[in-house]
Amino acid sequence: MSKFVASLAVVGALLSGNAVAQPAKPTIVLVHGAFADSSSWNGVTRILQKDGYNVVATANPLRSVSSDAAYVSDIVASIKGPVVLIGHSYGGQVITTAANGRENVKSLVFVAAFAPDEGEAAADLAGKFPGGTLGQALAAPVKLADGGTDLSIDQAKFRDQFAHDVDADEAALMAAGQRPITEAALTEKSGKPAWKALPSYFIYGDGDKNIPAQALGFMAERASSKHTVVLNGASHVVMVSQPQAVADLIEEAAQ
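Residues numbered from 1 in each chain as written. Predicted model: local features only at pLDDT ≥ 70, side-chain atom pairs only at ≥ 80, totals over all residues. Heavy atoms only, no water.

(A) Main features of the pattern of salt bridges. Under the counting rule described, the total for this entry stands at 5 salt bridges. Between R63 and D150 there is a salt bridge, and its shortest N-O distance comes to 2.9 Å. In this pair, R63 is assigned in the loop between strand 2 (55–58) and helix 3 (65–77) and D150 in strand 6 (residues 149–151), connecting sequence segments 87 residues apart. Residue classification places R63 among the partly exposed positions, given a relative accessible area of 33%. For D150, a relative accessible area of 10% puts it in the buried group. The partner of K196 in a salt bridge is D117, and the shortest N-O contact between them spans 3.2 Å. One end of the pair, K196, is in the loop between helix 9 (183–187) and strand 8 (200–205); the other, D117, is in the loop between strand 4 (105–111) and helix 5 (122–126), with 79 residues separating them in the sequence. Judged by relative accessible area, K196 falls into the exposed class, the value being 55%. On the accessibility criterion, D117 (18% relative accessible area) is buried. (Salt bridge = Lys/Arg side-chain N within 4 Å of Asp/Glu carboxyl O. Helix = DSSP H or I, 4+ residues; strand = E, 2+ residues; numbered from the N terminus. Buried < 20%, exposed > 50% of the residue type's maximum accessible area, 1.4 Å probe, protein only.)

Right, here's the structure in full:
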């Protein structure tokens, strides 16, 4: 009889709303980097949504670290509940700036991404170790009316430089739809980095030609990465070529 009474008590608690509610999963905010766009997260987003996460893939303006980070910070502020911020490439510099002052950001995930310290720029870190070939793959710069310069990758060199492990047809679409970044954004110095205060996770390929693997490993170790995943032979766009591995790490950071 006692087991029956206990069962009734459980049912009663469920019906009355007194049962312990499961905490809501954090919102996943994805920030692309230079020479990519928000569609580069499609494979990862599909997995995360299937696993019950709300996902926001932002359209990173790629104009300057300060303005791009302010834009992402405003998006984070508009979200109720906890957030996990994920950045690819230059987007890593954006998220570690945007997270400052946003108490709902619980962790950061750097996907083949820069994690600069105060006073460092993406261009500085890319050249800190040998192996990067981005400079040789850039198209002719575009002069802007404000005096700045836009940079993009030569479409003929895009796949080999940026996405060598992606299907050729898909890489061609990525090359045509790539978002240029200002030279000023790549040389802008970072302020206080949020990775010093927040749990951070890193994933990258050791075949990356945009940011040398040695540089990515250096940044992960410096940030005391909670979990670093190195994908054998993978390119700079691991979220496109190996979305499951990236989604798995994001879900680990979201726990």
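(B) The environment of S78, seen in detail. Residue placement: S78 occurs in the loop between helix 3 and strand 3 (83–88). For S78, the side chain forms a polar contact with the main-chain oxygen of I75, separated by 2.6 Å. (Polar contact = N/O pair within 3.5 Å; in protein donor to acceptor, adjacent residues only side chain to side chain.)

(C) Region of the structure containing the packing of aromatic side chains. In total, this model carries 4 aromatic pairs according to the counting rule given. Ring centres of F129 and F218 lie 5.7 Å apart, and the angle between their planes is 55°; on these two criteria the pair is classed as tilted. Of this pair, F129 sits in the loop between helix 5 and helix 6 (134–137) while F218 sits in helix 10 (residues 213–222); the two residues are 89 residues apart in sequence, bridging distant segments of the chain. Taken together, the aromatic side chains of F35, F158 and F162 make up a single cluster linked through ring pairs. Across from the ring centre of Y53, 4.6 Å away, lies the NZ or CZ of K25, which sits over that ring. (Phe/Tyr/Trp six-rings, centres within 6.5 Å; stacked < 30°, edge-to-face > 60°. Lys NZ or Arg CZ within 6 Å of the ring centre and 35° of its normal.)

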